[in-house]
Amino acid sequence: MAKRAAAAAGPVGDDFSFVSPVAKYVLFFFNLLFWMISMAMVAVGVYARLLKHAEAAMACLAVDPAVLLILVGVLTFLITFCGCVGSLRENICLLQTFSVCLTVIFLLQLAAGVLGFVFSDKARGKVSEIINGAIVHYRDDLDLQNLIDFGQKEFSCCGGVSYKDWSQNMYFNCTATNPSRERCSVPFSCCLHDASQAVINTMCGHGMQARGYLEASAFIHTNGCIDKLVNWAHSNLFLLGGITLGLALPQLVGIVLAQLLINQIRDQIKLQLYNQQHRADPWY
């Protein structure tokens, strides 16, 4: 009955559209914001990369924060480009690409969280492997060095499992054959800092690996960063949950808006075909 009534009434006016301007432009500006953020990320990553010395830049690409920033920025740029152009031009192909990419990323994040919780021991081992790799390349990359120093200061820790993990670094290695002046030392970020001390003693960690835990604990943090990181995570579950929700919510909003807009565009195409058929009808 509805179809007969619509046919009797003739084609709908050309000014009518199923596509909601609200959904269209909300999705466009949503993607435009993250598109600009992604360009800033790529620019900062490239700038940080170019500032490094050539030998240091090639030392350890896998743990280079600048490379990670560039990769995330490029991926975000491509995805949000599809969202921006697809919503503005009402292109179903681009919108589907945008929606599928966001869905895959969301599912990967969800799977990583579940697997990390279920296989916590293996996840802990992987984190330990990453930290040990960062310790090995501590002097090779200035960004990595600053990141490790920040983490050790923030969590009041030293090394992965203990302060003696720094022996994995060629400069801090505690073997007798090591000619480095920093032999058996730890970075100054491991040191206990006095609030009243105006000038930081960057040599405060000299020779600490050669001392026992009790003796070294008077000068540096002897506990490893892995245990401190795990304890911090257990103590801040609500904060981590809020951060996770904050990352997931924009993705879900983007997926819902993209699917809504795709359905509206398809309805609009059907309406246009319907109007064209009735205009071609000699009895209309």
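Residues numbered from 1 in each chain as written. Predicted model: local features only at pLDDT ≥ 70, side-chain atom pairs only at ≥ 80, totals over all residues. Heavy atoms only, no water.

## Comments concerning the packing of helix α4 (residues 65–89) against helix α5 (residues 92–118)
Phase 1 of the analysis: Their axes nearest at 7 Å, the elements α4 and α5 cross at an angle of 140 degrees. As the angle between them shows, α4 and α5 are arranged oblique. When the axes of α4 and α5 are compared, the crossing they make is left-handed. Counted together, Leu 75, Ile 79, Cys 82, Gly 83, Val 85, Gly 86 and Ser 87 of α4 and Leu 94, Leu 95, Thr 97, Phe 98, Cys 101, Leu 102 and Ile 105 of α5 form the full contact between these two elements.
Phase 2 of the analysis: When the residues that make up the contact of α4 with α5 are grouped by side-chain class, the tally is 10 nonpolar, 4 polar and no charged. (Axes fitted to C-alpha atoms, helices over the stretch in contact; angles between N-to-C directions. Helix = DSSP H or I, 4+ residues; strand = E, 2+ residues; numbered from the N terminus. Parallel < 35°, antiparallel > 145°, perpendicular 65-115°, else oblique. Left-handed = near helix turned anticlockwise from the far one by under 90°. Contact = heavy atoms within 4.5 Å. Nonpolar A, V, L, I, M, F, W, Y, C, P; charged D, E, K, R; others polar.)

## Quick word on the packing of aromatic side chains
Phase 1 of the analysis: Taken as a whole, this structure holds 9 aromatic pairs when the rule is applied.
Phase 2 of the analysis: Here the aromatic rings of Tyr 138 and Trp 166 are separated by 4.9 Å at their centres, their planes lie at 80 degrees, and the arrangement is edge-to-face. Residue Tyr 138 is found in the loop between α6 (120–136) and α7 (142–155), and its partner Trp 166 is found in the loop between α7 and α8 (213–216); the two are separated by 28 residues along the sequence.
Phase 3 of the analysis: Residue Tyr 138 is classed as buried on the basis of its relative accessible area, which comes to 1%.
Phase 4 of the analysis: Centre to centre, the rings of Tyr 138 and Phe 172 are 6.1 Å apart; their planes meet at 50 degrees, and the pair counts as tilted. (Phe/Tyr/Trp six-rings, centres within 6.5 Å; stacked < 30°, edge-to-face > 60°. Buried < 20%, exposed > 50% of the residue type's maximum accessible area, 1.4 Å probe, protein only.)

## A look at unusual backbone geometry
Phase 1 of the analysis: A positive phi is found at Glu 90, a non-glycine position, where the angle reads about 55 degrees.
Phase 2 of the analysis: Position of Glu 90 relative to the elements: it lies in the loop between α4 and α5.
Phase 3 of the analysis: A positive phi angle is found at Cys 184, which is not glycine, with a value near 65 degrees.
Phase 4 of the analysis: Relative to the assigned elements, Cys 184 resides in the loop between α7 and α8.

## Notes on the state of the cysteines
Phase 1 of the analysis: Here the structure, examined in full by the defined rule, presents 4 disulfides.
Phase 2 of the analysis: One disulfide bridge connects Cys 157 with Cys 225, the sulfur atoms lying 2.0 Å from each other. Taking the sign of the torsion about the S-S bond as the criterion, the disulfide between Cys 157 and Cys 225, at about 90 degrees, is right-handed. Here Cys 157, found in the loop between α7 and α8, pairs with Cys 225, found in helix α9 (residues 225–235); they are 68 residues apart in sequence, far enough to count as distant.
Phase 3 of the analysis: Overall, Cys 157 belongs to the buried group, its relative accessible area being 0%. (Disulfide = S-S within 2.5 Å.)

## Regarding the side chain of Lys 24
Phase 1 of the analysis: Structurally, Lys 24 is set in helix α2 (residues 21–51).
Phase 2 of the analysis: Sequence-distant contacts of Lys 24, defined by excluding residues within four places in its chain, comprise Val 19, Ser 87, Leu 88, Glu 90 and Leu 261.

## Considerations on the UniProt feature "transmembrane region" (unreviewed entry) in the protein chain
Phase 1 of the analysis: The UniProt record annotates "transmembrane region" (unreviewed entry) at residues 25–48, 60–88, 94–119 and 237–262.
Phase 2 of the analysis: Segment residues 237–262 splits into 100% helix and 0% strand. End C-alpha atoms: 37 Å apart. (UniProt positions renumbered as here; feature names shortened; annotations may be inferred.)

## Things to note about α4
Phase 1 of the analysis: Relative to the 36 Å expected for 25 residues at 1.5 Å per residue, α4 spans 36 Å between its end C-alpha atoms, a close match to the ideal helical length.
Phase 2 of the analysis: Along α4, the residues classified as buried are Ala 66, Ile 70, Gly 73, Ile 79, Thr 80, Cys 82, Gly 83, Cys 84, Gly 86 and Ser 87.
Phase 3 of the analysis: Along its buried surface, α4 packs onto α2, α5, α7 and α10 (237–279).
Phase 4 of the analysis: Of the residues one or two after α4, Glu 90 is the one with positive phi, at around 55 degrees. (Expected span 1.5 Å × (residues − 1).)

## Quick word on the nonpolar core
Phase 1 of the analysis: Counting 16 residues, the largest nonpolar core has Ile 148, Cys 158, Tyr 163, Trp 166, Val 186, Cys 190 and Ile 220 as the members making the most contacts within it.
Phase 2 of the analysis: Sequence-distant contacts of Cys 158, defined by excluding residues within four places in its chain, comprise Gln 152, Tyr 163, Trp 166, Val 186, Cys 190, His 221, Asn 223, Gly 224 and Cys 225.
Phase 3 of the analysis: Residues Ile 92, Leu 95, Leu 102 and Ile 255 belong to the second largest nonpolar core, which totals 14 residues. (Core = buried A, V, L, I, M, F, W, Y, C linked by side-chain atoms within 4.5 Å.)

## A short note on the confidence of the model for the protein chain
Phase 1 of the analysis: Averaged over every residue, the pLDDT of the protein chain is 83; the share at 70 or more is 86%.
Phase 2 of the analysis: When the elements of the protein chain are averaged for pLDDT, helix α1 (residues 2–9) gives the smallest value, 42, and α8 the largest, 91.
Phase 3 of the analysis: Confidence over residues 1–11 falls short of pLDDT 50; this stretch has 9 contacts with residues more than four positions distant or in other chains.
Phase 4 of the analysis: Note that pLDDT drops below 50 for residues 54–61; the model gives that stretch 9 contacts with residues more than four away or on any other chain. (pLDDT = per-residue confidence, 0-100.)

## Some remarks on the side chain of Ser 99
Phase 1 of the analysis: By secondary structure assignment, the location of Ser 99 is in helix α5.
Phase 2 of the analysis: Under the relative-accessibility criterion, Ser 99 is labelled buried at 3%.
Phase 3 of the analysis: Ignoring sequence-local partners within four residues, the contact set of Ser 99 consists of Ile 255, Ala 258 and Gln 259.

## Describing the packing of α2 against α4
Phase 1 of the analysis: Contact pair α2 / α4: the axes reach a minimum separation of 7 Å and the direction vectors enclose 155 degrees. The orientation of α2 relative to α4 falls into the category roughly antiparallel. Note that α2 runs across α4; the crossing there is left-handed.

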